[in-house]
Amino acid sequence: GAGVSQSPRYKVAKRGQDVALRCDPISGHVSLFWYQQALGQGPEFLTYFQNEAQLDKSGLPSDRFFAERPEGSVSTLKIQRTQQEDSAVYLCASSLDGTGNTEAFFGQGTRLTVV
Amino acid sequence: GNSVTQMEGPVTLSEEAFLTINCTYTATGYPSLFWYVQYPGEGLQLLLKATKADDKGSNKGFEATYRKETTSFHLEKGSVQVSDSAVYFCALREYGNKLVFGAGTILRVKS
């Protein structure tokens, strides 16, 4: 596709359930980012991949959060034993290279609601 | 750590009014600065950017100037349109490529 695609767009999970959120970056983009956006707030960094290497995971809020990008393209953000405070929009972004000089393109996000 | 502070909204303006959305930042070094816009139902889009002091970013009639002395990157537009109604985010890019965002400012333009 032409842009960053995320699925599902909406996810309702019962507290304690595991969820997996998918990101399809723009084809050929080296860098991939995950952000968490709480209601009424700006996005906050979770983790960063360059190809298949996870170079920064300093923003992951707990060990319940795990991200992977095994073949350097599609990425999955997994949240285990979801809690109500995990309710947020999860944004994925990709950029062409790893220099930081190319634009980051964002997907529309996955809205996760934990009930 | 690095942070971005932007004016709280919502900002409500009439069509053709002048717009300013204030943004200040705290950072070590000299980060690149950005404004992103999120239209209803859409993803974040880059609006404009500036990579060094005194640079002016501009796009779609919007402008912002990187002011090192005041650590600011205020967004301006001379004449807003209803179609500019959106949420605007100021952001900086740290070493390592990640973006640090402000909380966002809702802009509502009335016809």
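In what follows, the accompanying structure is described. Everything numeric here is computed off the predicted structure, so don't read it as measured data.

## Focus on the interface of chain B and chain A
Now for step 1: Contact with chain B, which involves 17 residues of that partner, is made by 22 residues of chain A.
Now for step 2: Buried surface at the junction of chain B and chain A, summed over both partners, amounts to about 1,400 Å²; 49% is from carbon and sulfur atoms.
Now for step 3: The interface formed by chain B and chain A holds one salt bridge in total.
Now for step 4: The residue Lys98(B) makes a salt bridge to Asp56(A) at a minimum N-O spacing of 3.9 Å.
Now for step 5: In this assembly, chain B and chain A are joined by four residue pairs in polar contact (both at pLDDT 80 or more).
Now for step 6: Mapped by element, the contributors of at least two residues to the side of chain B that touches chain A are β5 (32-38), β6 (45-50), β10 (86-93) and β11 (99-101) of chain B.

## So, the sheet that holds strand β7 (residues 65-68) of chain A
All names here are of chain A.
Now for step 1: Taking strand neighbours across the sheet as the criterion, the four strands line up as β1-β3-β8-β7 in an open arrangement whose pairing is antiparallel. Unpaired on one side and paired on the other, β1 (5-7) and β7 mark the two borders of the sheet. Across the sheet, the mean angle separating the axes of adjacent strands is 15° when strand polarity is ignored.

## What about the state of the cysteines?
Now for step 1: For the coordinates displayed, the defined rule picks out two disulfides over all chains.
Now for step 2: For Cys23(A), the disulfide goes to Cys92(A), at an S-S distance of 1.9 Å. Taking the torsion about the S-S bond as the criterion, the Cys23(A) to Cys92(A) disulfide, at about -65°, is left-handed. Placement of Cys23(A) in strand β3 (residues 19-24) and of Cys92(A) in strand β9 (residues 88-95) is noted, with a sequence separation of 69 residues between them.
Now for step 3: Overall, Cys92(A) belongs to the buried group, its relative accessible area being 0%.
Now for step 4: Two residues, Cys23(B) and Cys90(B), share a disulfide whose sulfurs are 1.9 Å apart. Its S-S torsion of about -70° marks the bond between Cys23(B) and Cys90(B) as left-handed, since a negative value means left-handed.

Parameters at a glance
- Residues numbered from 1 in each chain as written.
- Chains lettered and ligands numbered in written order.
- Predicted model: local features only at pLDDT ≥ 70, side-chain atom pairs only at ≥ 80, totals over all residues.
- Heavy atoms only, no water.
- Contact = heavy atoms within 4.5 Å.
- Buried area = accessible area lost by both parts, 1.4 Å probe.
- Salt bridge = Lys/Arg side-chain N within 4 Å of Asp/Glu carboxyl O.
- Polar contact = N/O pair within 3.5 Å; in protein donor to acceptor, adjacent residues only side chain to side chain.
- Helix = DSSP H or I, 4+ residues; strand = E, 2+ residues; numbered from the N terminus.
- Pairing = 2+ DSSP bridges.
- Axes fitted to C-alpha atoms, helices over the stretch in contact; angles between N-to-C directions.
- Disulfide = S-S within 2.5 Å.
- Buried < 20%, exposed > 50% of the residue type's maximum accessible area, 1.4 Å probe, protein only.

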